[in-house]
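If you want the building blocks of each chain, they are given just below.
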Amino acid sequence: GASVPMRLHFIQQQVNAVQHELITSEMKLAWMMDVALMDAGIRSYILKHSTKRTRYYLGSYFLENALTNKANVFAALCKT
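Residues numbered from 1 in each chain as written. Predicted model: local features only at pLDDT ≥ 70, side-chain atom pairs only at ≥ 80, totals over all residues. Heavy atoms only, no water.

Student: Describe the packing of helix H2 (residues 25-38) against helix H3 (residues 40-48), naming the residues involved and giving the relevant values.
Tutor: Between H2 and H3, the least distance of the axes is 5 Å, while the angle of their chain directions is 110°. Taken as axis vectors, H2 and H3 run roughly perpendicular relative to one another. Facing Met33, Ala36, Leu37 and Met38 of H2, the residues of H3 in contact are Ala40, Ile42, Arg43 and Ile46. Residue composition of the contact of H2 with H3, by class: seven nonpolar, no polar and one charged. (Axes fitted to C-alpha atoms, helices over the stretch in contact; angles between N-to-C directions. Helix = DSSP H or I, 4+ residues; strand = E, 2+ residues; numbered from the N terminus. Parallel < 35°, antiparallel > 145°, perpendicular 65-115°, else oblique. Contact = heavy atoms within 4.5 Å. Nonpolar A, V, L, I, M, F, W, Y, C, P; charged D, E, K, R; others polar.)

Dropping the structure here:
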């Protein structure tokens, strides 16, 4: 299979292809994070490359947390 960074890139491409005036770039980043976490391989990669604080956030409050936080985590992940 493809490497995790390549799969993250593919998720970005697919989500960015969706165009609608009500969908902001922040919403897209949060959506990418939701999709990425559904894949077990990507999820373990994310947890391995995250800070302790981010790992706690992803494990404890992810669904209840703000869109902005999800978007920031995904944006930071793609910079590594």
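Student: Before we move on, can you summarise the environment of Leu29 with the specific residues and values?
Tutor: For Leu29, the location among the structural elements is in helix H2. Taking the C-alpha atoms as reference, Leu29 lies 13 Å from Lys79; in sequence the two are 50 residues apart. Setting aside chain neighbours within four positions, we find Leu29 in contact with Ala71, Phe74 and Ala75.

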